[in-house]
Amino acid sequence: MKFQSAIFLLLSTSHRYAAGFSIRSHGTSHNVAQHHNHHRNHAIISNPHATSNSPHTTSSSRLYMADTTDSMSIDDVTAELRQIKKDFDSKIASADSLAEIEKIRVEYLGKKGPINKVTSYMRLLSNEDKPKLGIVLNEIKSELEAVVGEKKEIMETLEIERQLESERIDVTLPGILPTPRVARRHPISMTMEKALDIFVSLGYDTVTECEESPEIETDYYCFEALNCPKDHPARDMQDTFYLTEDMGTLLRTHTSSVQIRQLAKRKPPLRIVAPGRVYRKDDIDATHSLIFHQIEILALDEMGKLNLGHLKGTVEYFLKHMFGPDIKVRFRGSFFPFTEPSMEVDVFFRGKWLEVLGCGMVDPNVLTMAGLDPKKVSGFAAGFGVERFAMVIHGITDIREFYKNDVRFLDQFPTIYNQGVASMLQGHAEKTVDADESTVAVAEESKAVQAEKVQETNKKQQEATTSNAIDVSKLDIRVGVIKKAWLHEEADKLYCEEIDIGEESGPRKIASGLRAHYQLEDLEGQRVLVLSNLKERKLVGFPSHGMVLCASSADGSSVEFIEPPADAKIGERVMVDGFVGEPATENQILKKKMLNVIFPDLSTDVNGVATYKGIPLSTSAGPCFAQNKMSNSPIA
């Protein structure tokens, strides 16, 4: 072994260089100790070949240890190294954890370990002898390090095996839920509800009643009344589940049939939105299913009141509310038998264009079949698949997941907060039983306990609602200063600015529509308030991260910066008394549409002070004002 060869080397050279030096403690020579007073508690070495007349020269082969008055020979050093190795082997063999092995490594190979202690003798040797002892110590140290490394590898494997054994699960045991399962919203339900809310906000009526939106439909409502006669080639695009041999009854292939039924009952002007389940004879795979859901809209009015521009505006409004205000939308010409002209609509989402819906102006033949005069009535229609939208919004890659009822999938989505449903799932629903008086008493006591639990749950929900209230505290408004400003290259109404708000990463780049109100030379050095917790977005190609707060007149003809006090520190957060809390994340601001809730309450007062619900926006140096004290004006 390396250790044995190293000891052999040390022994074989000891007699040769033992006579070459001697080491004494300071106690043997006062004059030498005074000459080397900066080496207190260290041994003094004398070499007979260096000064023949030195009184400290000796041919003795003994070494006097640096920290004691006892002498030690090279043989003693060898014995000490052997003992160190023996102790090390004993301890490392009994170590049974990585922590213990590391402790032994530090004990023997650390700065205060015995190997380093022997290494300290090197400074007492002559330049000729230092390499010899160094070779020996390096070999010994390398062997000890190798032993530690091997032992660590073995122990790491053992600890992994122990962990696997301790965490072993008996998969044959029945699963036990720690708490009663709480219902979750299905992503299809949430997507459908969100879409319907958008159209309802635009004045559309929802049609969902069974008699007005039947899933078992006739050939007339599903095809013929929609400009698809029996010999029309469009029939080839939809393999249908027919329920009768004469193909007169079928499972509906789209919810357009609801529109025809409504036209038989109602006359223009009308706006309807029809959600529902539809069926097509498709091969099941990651993007196709036999059953899926559609939402279709129909808007009709007097000729000239609705045109293609209204259709595009409606579709863009809907898509921006579904996917976010910065979504890019494009329209492509297409064909549908019930609309003319017809368009496919794509959105640029997560780095690529996705086809999301079809639309067009209602074909005159459809209006004629419904008993309407196409010269007096016009309108538009649009439709889309709910699953498609849900897959895009939630990043779901397989449509089949929607129908498996796998709780691991459904648990990713929000909880239903309806207390009645929650109580039922928690076992709070009342039960009627035949019981004697004692059983009734127990039941009454149980009811009281359950009622107390429900009350406690309600209280927690109310507290959570209060803590999640959307107010100005959700905004992270910072004091900033414009360091640099220039004209936007592609937008004639925008300035591009670098604004310091005290961030280590440097100034923020922000675009603002101020070219009609400020000269470029007026911007640099201007102190401003910056709404900083907004997601970065591109404004005509310029990445803008934040928003400068300004007061504007009612007609937008005049705009003024909201300025912090002169002594306010750059980067200081602007606060409003009574509204304290951590600011929301950029995603929360966007998803919960917080700006729509908060901004209507931001305005200047009669003195030009910036306020939220009448309370000043303040820094440690005082309240913030509109630059020229513009009063009673909204802030945006």
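Going by the structure above, here's the rest.
What counts, and at which threshold
Positions within a chain are numbered from 1, following the residues in the order the chain's sequence is written. Predicted model: local features are reported for residues with pLDDT of at least 70 only, side-chain atom pairs are reported and counted for 80 or more only, and whole-chain, interface and lining totals are derived from all residues. Here the side-chain values reflect all heavy atoms present in the structure, with hydrogen atoms and water set aside. Buried means the residue's accessible area, taken with a 1.4 Å probe over protein chains only, is under 20% of the maximum for its type, while exposed means over 50%, and partly exposed covers the values in between. Strands here are runs of E lasting at least two residues and helices are runs of H or I lasting at least four, both read from the DSSP assignment and numbered beginning at the N terminus. Note on contacts: a residue pair qualifies if any of its non-hydrogen atoms lie within 4.5 Å across the two residues. By convention a nonpolar core is built from buried Ala, Val, Leu, Ile, Met, Phe, Trp, Tyr and Cys residues, the set being connected through side-chain atoms within 4.5 Å. In summary, the charge assignment counts Lys and Arg as positive and Asp and Glu as negative, without counting His or the chain termini. By salt bridge we mean one thing: a side-chain nitrogen of Lys or Arg within 4 Å of a carboxyl oxygen of Asp or Glu. As used in this structure description, the phrase polar contact means that two N or O atoms lie within 3.5 Å; if the pair is within protein, one of them must be able to donate a hydrogen and the other to accept it, and residues adjacent in sequence are counted only when both atoms belong to side chains. Any two rings among Phe, Tyr and Trp, with Trp reduced to its six-membered ring, count as a pair given centres within 6.5 Å; such a pair is stacked if its planes are under 30 degrees apart, edge-to-face if over 60, and tilted if neither. Charge-over-ring placement is defined geometrically: NZ (Lys) or CZ (Arg) within 6 Å of the ring centre, and within 35 degrees of the ring normal.

> Which residues make up helix 9 (residues 256–265), and what values do they have?
The element helix 9 is extensively covered by neighbouring structure, given that eight of its 10 residues are classed as buried. Ser256, Ser257, Val258, Gln259, Ile260, Arg261, Gln262 and Leu263 are the residues of helix 9 that are buried. Turning to helix 9, the residues buried within the fold contact strand 6 (216–218), helix 8 (219–222), strand 8 (270–279), strand 9 (291–302), helix 11 (364–369) and strand 13 (377–385).

> Let's hear about the nonpolar core: which residues, and what values?
Within the largest apolar cluster, 45 residues are counted, with the highest numbers of intra-cluster contacts made by Phe318, Leu319, Phe323, Val347, Leu357, Phe384 and Phe389. Leave out the neighbours within four places in its chain, and Phe384 touches Ala195, Phe199, His293, Gln294, Ile295, Phe318, Val356, Leu357 and Phe389. Grouped together as the second largest cluster of nonpolar side chains are 27 residues, Val479, Leu549, Ala551 and Phe579 included.

> Report on the side chain of Asp471, specifying residues and quantitative values.
On the secondary structure map, Asp471 appears in the loop between helix 15 (437–467) and strand 14 (477–487). Look at Asp471: it is buried, it has no salt bridge, and the nearest opposite charge is Lys474 at 6.4 Å. Of the polar contacts made by the side chain of Asp471, one reaches the side chain of Ser473; its length is 2.4 Å. Setting aside its immediate chain neighbours within four residues, Asp471 contacts Phe579, Ile598 and Tyr612.

> If you had to explain the packing of aromatic side chains to someone new, which residues and values would you point to?
Under the defined criterion, the tally for this structure stands at 15 aromatic pairs. With centroids separated by 5.3 Å and ring planes inclined at 40 degrees, the aromatic side chains of Phe323 and Phe389 adopt a geometry described as tilted. With Phe323 in helix 10 (residues 308–323) and Phe389 in helix 12 (residues 386–394), this pair connects stretches of sequence that are 66 residues apart. Three or more aromatic residues joined by ring pairs make a cluster, and in this case those are Phe199, Tyr204, Phe318, Phe323, Phe384 and Phe389. Above the plane of the ring of Tyr221 lies Arg261, whose end atom (NZ or CZ) is 4.1 Å from the centre. The ring of Trp353 carries Arg330 above its face, with NZ or CZ at 4.3 Å from the centroid.

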